[in-house]
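# Observations on the model geometry
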Amino acid sequence: MRAITRAIMIKTDTASAAAPGAASSASAISRRGVFALAGASAAIAATPASARGFGSGFTHSVASGEPQASSVLLWTRFVADSETVLDWQISETAEFTSFAAEGQVTASPDRDFCAKAAASGLTPDRWYYFRFAAPDGSVSPIGRTRTLPSGSATKFRLAVFSCANFGFGYFNAYAHAAQANDVDLAVHLGDYIYEYGGGTYPSAGQRHPDRTLAPESEILNLADYRLRYATYRADADLQRLHQVLPMIAVWDDHESANDSWKDGAQNHTSETEGDWHARKEVAKRVYREWMPVSDEPYAAYDVGDLATLFRIDTRLEGREEPFNLRKLLEGKDNPEAMVAALTAFRDGEYFDPARQLLGSAQEAWLAEGMAASSQRGATWQVLVQQVLMGKLSSPTALLDLLGGNVPEFIRARLQASAMASRAGLPLNMDAWDGYPTARERTFKGALDADANLLVLAGDTHNAWAFDLAQDGKKVGVEFGVSSVSSPGFETYLAMVPPEQMAQLVVDANEELQWADTSQRGYMTVELTPQRATTEYRFLAGIRERSTQLAGTKTIIVEAGSNTLSV
């Protein structure tokens, strides 16, 4: 979704510069060494996208992903007149004096010249360098990647991102994470691209003048989606992030279309835009071409005895159609009728026990995986997923605070949100809040597994920290990351001071312990056997290229407590 505020409006300390930990001094990489890696050219960094072609040869640098203890997936793109067999090499040194693994992979026009190679037989908990070479003698930029720990692990750090809309401004969060050089893995929770046409979201007035989309129209077919990824992946800061960190990534809705589900999307009209399932399959295909990801819809990653990361799909795999409160209220012309309709819905369809978000197969896989992770002694069970799991309702005091200082169409939507809140219904039906029995089943799986559940969420464009509970039992905690560039509450409700807005939302929601509703950025999550520490990093802005931070916020959860310390 565009932001959690779409439910209202439309539906609505300095970072450390320490080097990442490594298995040995031989595999440790200094900060100077990272910056010595081949990067995006100065021309790419300085030239507006609208004036740039993607050329031939190695057009989009390199990337890696899907790390395990002894393997990692390598990615590049090599454009030529026909398919080309590339050599790939992975080494413990940037000089490539010896190879830990090597092989060949084909860059084919059938895959938009994107090539992915699985490097196996690697040493656990080790940083590596990698590169590709073409028959014409050209060599890709050198990338850096790493394997996951095996056995005893004392610390592992993630950088977590979500919601990067190209048109609103620069991807300074990506740039800061690459420059800080203090994590082991990048995690992207979705909305890596946006499907809208130019002038839609952002509007013509909001769009950064140097951030021109290609194609200008909404993306619908194979060529459209490929060109949109090529445009995003030409961004120098995104290239740099991929170049120096492996990534675990999940798609959210905008990789296909806004508010998508398995059989449709809010931003898809079959009568004018064709069959939804055909569009969905194109979107999935191109995502898998352009991203360093496997074709598996969900997967688990063991970080030694420290954690298991569960990459799950809450969007396209099993999600049923989201509820729409606006449709529920259509034709209700007085508050009494509206409240009656909302109450009847709450007491009936809302708690349908069969309703699915993950789908039955994925739901069972996750429950079994959490149990297996706990039984093998892993400290943390981490959900790498898209949408908020914590319970979140609209502050009923918001409308009174605004008084008459709000347009009528906003007032009407705020009134509807306030009524939903009074009826015991949530703000955002597109999140886990719209699938309460599916959430209950997932929580039961975590409780049965005696899990240390830590949920990562994106989608909302704002930052959140929740204690998660079910029927009075503590289940886990959730960290919701702010967006890389997509706007949040501060854009839609600019008349409310940000600190006051955040406090209103926290006061209105028992599980919510902290929120930031006005800043762009990312977060780091450090896992140890004793605790998980999250640092929210907020950038000073996105309209200019800069890695300056406006501030940070640190929140801790002690292992076994299922409770945040804010």
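The structure presented is a predicted model; accordingly, all values stated were derived computationally and were not measured.

## A closer look at empty space enclosed by the protein
Approximately 110 Å³ is the volume found for the largest cavity. In terms of lining, the largest cavity is formed by 13 residues, of which the most central are Val250, Trp251, Glu296, Pro297 and Arg311.

## Some remarks on unusual backbone geometry
Here the residue pair Tyr201 and Pro202 is connected by a cis peptide bond, since its omega of 15° sits within 30 degrees of zero. Along the polypeptide, Pro202 turns up in the loop between β9 (185-188) and α5 (222-233). The amide bond that connects Ala214 to the next residue, Pro215, takes the cis arrangement and shows omega of -10°. With respect to the helices, strands and loops of the structure, Pro215 is situated in the loop between β9 and α5. Positive phi is not limited to glycine here, since Ser61 has a value of about 60°. When you line up the elements, Ser61 lands in strand β1 (residues 57-65).

## Focus on the nonpolar core
One finds Phe161, Phe171, Tyr174, Tyr229, Met291 and Tyr522 to be the most contacted residues of the largest nonpolar core, which totals 53 residues. For this core, the secondary-structure elements that each account for two or more residues are β8 (156-161), α4 (172-180), α5, α6 (236-244), β10 (247-249) and α8 (276-290). Setting aside anything within four residues of it in sequence, one finds Phe161 in contact with Ala173, Tyr174, Ala177, Ala186, Val187, His188, Leu189, Leu241, Val481, Val484 and Tyr522. Of all hydrophobic cores here, the second largest spans 43 residues; its members include Val387, Trp432, Ala438 and Phe466.

## As for the pattern of salt bridges
Summed over the entire model, instances satisfying the criterion amount to 30 salt bridges. Across the pair Arg441 and Glu363 runs a salt bridge whose closest N-O atoms are separated by 2.8 Å. One end of the pair, Arg441, is in helix α14 (residues 436-448); the other, Glu363, is in helix α11 (residues 360-375), and 78 residues separate them in sequence. A residue is classified by how much of its surface remains accessible, and Glu363, at 14% relative accessible area, is buried.

## Overview of the sheet that holds strand β6 (residues 127-133)
Strand order in the open sheet formed by 4 strands is β4-β3-β6-β7, with antiparallel pairing between adjacent strands. Because the sheet does not close on itself, it has two edges, and the strands there are β4 (101-107) and β7 (143-146). Taken pair by pair, the neighbouring strands of this sheet meet at an average axis angle of 30°, ignoring direction. The pairing of strand β3 (residues 84-91) with β4 spans 7 bridges and is classified as antiparallel. When the sheet's bridge partners are listed, Gln89 is paired in β4 with Glu102.

## A word on α5
Think of an α-helix as 3.6 residues a turn; residues three or four steps apart then line up on the same face. With 12 residues, α5 should cover 16 Å at 1.5 Å per step; its first-to-last C-alpha distance of 17 Å lies within 8% of that length. Counting buried residues along α5, 9 of its 12 residues qualify, which places the element largely inside the surrounding structure. Buried residues along α5 sit against β1, β2 (72-79), α6 and α8. For α5, the capping residue at the N-terminal end is Asn221, with a side-chain oxygen 3.2 Å from the backbone nitrogen of Ala223.

## Thoughts on the confidence of the model for the protein chain
Counting all residues, the mean pLDDT for the protein chain is 90, and 90% of those residues have values of 70 or more. Across residues 2-52, where pLDDT falls below 50, the model places 137 contacts with residues more than four positions away in sequence or in other chains.

## Remarks on the pairing of strand β13 (residues 299-303)
Residues Ala299, Tyr301 and Val303 of β13 are buried on one face, while the alternating residues Ala300 and Asp302, pointing to the opposite face, are not. Sheet analysis places β13 next to strand β14 (residues 307-311), joined by 5 bridges and oriented antiparallel. Paired with Ala300 across the strands is Phe310, a residue of β14. In this structure, the hairpin formed by β13 and β14 is closed by a connection of 3 residues, where Gly304 is found at a positive phi of approximately 55°.

## Focus: the sheet that holds β14
With respect to topology, 7 strands assemble into an open sheet ordered β13-β14-β15-β16-β18-β17-β19, the strand pairing being mixed. Each having just a single partner strand, β13 and β19 (512-516) make up the two edges of the open sheet. Between one strand axis and the next, the sheet turns by 20° as a mean value, whatever way the strands run. Bridge analysis of strand β15 (residues 380-384) against strand β16 (residues 453-457) gives 4 bridges, and the strand direction is parallel. Note on β16: the bridge partner recorded for Gln381 is Leu453. Across the face of the sheet, α11 comes into contact with β13, β14, β15 and β16 while running at roughly 170° to β14. Sitting on the sheet, α14 is in contact with β16, β17 (463-470) and β18 (473-480), with an inclination near 110° to β18.

## A look at the pairing of β14
Most of β14 sits out of view: 5 of its 5 residues are buried. Residues Ala307, Leu309 and Arg311 of β14 are buried on one face, and the alternating residues Thr308 and Phe310, pointing to the opposite face, are buried as well.

## Re the packing of aromatic side chains
Enumeration over the complete set of coordinates arrives at 25 aromatic pairs. Here the aromatic rings of Phe161 and Tyr522 are separated by 5.1 Å at their centres, their planes lie at 15°, and the arrangement is stacked. Remark: Tyr522 occurs in strand β20 (residues 521-527) and Phe161 occurs in strand β8; sequence separation between them is 361 residues. The exposure class of Tyr522 is buried, given its relative accessible area of 1%. Judged by centre distance (5.6 Å) and plane angle (75°), the rings of Tyr196 and Tyr201 are edge-to-face. A residue is classified by how much of its surface remains accessible, and Tyr201, at 4% relative accessible area, is buried. Of the aromatic side chains, those joined through ring pairs into one cluster are Phe161, Phe166, Phe171, Tyr174, Tyr232 and Tyr522. A cation over an aromatic ring shows up here: Arg211 above the ring of Phe171, its NZ or CZ 4.8 Å from the ring centre. Note that Arg233 overlies the ring of Trp75, its terminal NZ or CZ placed 4.1 Å from the centroid.

## Observations concerning the layout of surface pockets
The space that makes up the second largest pocket amounts to roughly 370 Å³. Along the walls of the second largest pocket sit 21 residues, with Lys391, Leu392, Ser393, Glu510 and Glu511 positioned nearest its centre. Every element with two or more residues in the lining of the second largest pocket is listed here: α14 and β17. With 3 residues, the top contributor of residues to the lining of the second largest pocket is β17. Residues belonging to the lining of the second largest pocket are distributed by class as follows: 9 nonpolar, 4 polar and 8 charged.

## Thoughts on the environment of Phe479
Inspection of the secondary structure puts Phe479 in strand β18. For Phe479, a relative accessible area of 0% translates into the label buried. The sequence separation of Phe479 and Thr534 amounts to 55 residues, and the corresponding C-alpha distance is 7.8 Å. With residues near it in sequence (within four places) discarded, Phe479 still touches Leu454, Val455, Leu456, Ala457, Trp464, Ala465, Met523, Thr534, Tyr536, Ile555, Val557 and Leu564.

Cut-offs used in this document
- Residues numbered from 1 in each chain as written.
- Predicted model: local features only at pLDDT ≥ 70, side-chain atom pairs only at ≥ 80, totals over all residues.
- Heavy atoms only, no water.
- 1 Å grid on protein atoms, 1.4 Å probe; cavity = no way out; pocket = protein on both sides within 12 Å on 5 of 7 lines; lining within 4 Å.
- Points joined across faces, edges and corners; volume = space filled by probe spheres on them.
- Helix = DSSP H or I, 4+ residues; strand = E, 2+ residues; numbered from the N terminus.
- Core = buried A, V, L, I, M, F, W, Y, C linked by side-chain atoms within 4.5 Å.
- Buried < 20%, exposed > 50% of the residue type's maximum accessible area, 1.4 Å probe, protein only.
- Contact = heavy atoms within 4.5 Å.
- Salt bridge = Lys/Arg side-chain N within 4 Å of Asp/Glu carboxyl O.
- Pairing = 2+ DSSP bridges.
- Axes fitted to C-alpha atoms, helices over the stretch in contact; angles between N-to-C directions.
- Expected span 1.5 Å × (residues − 1).
- Polar contact = N/O pair within 3.5 Å; in protein donor to acceptor, adjacent residues only side chain to side chain.
- pLDDT = per-residue confidence, 0-100.
- Phe/Tyr/Trp six-rings, centres within 6.5 Å; stacked < 30°, edge-to-face > 60°.
- Lys NZ or Arg CZ within 6 Å of the ring centre and 35° of its normal.
- Nonpolar A, V, L, I, M, F, W, Y, C, P; charged D, E, K, R; others polar.

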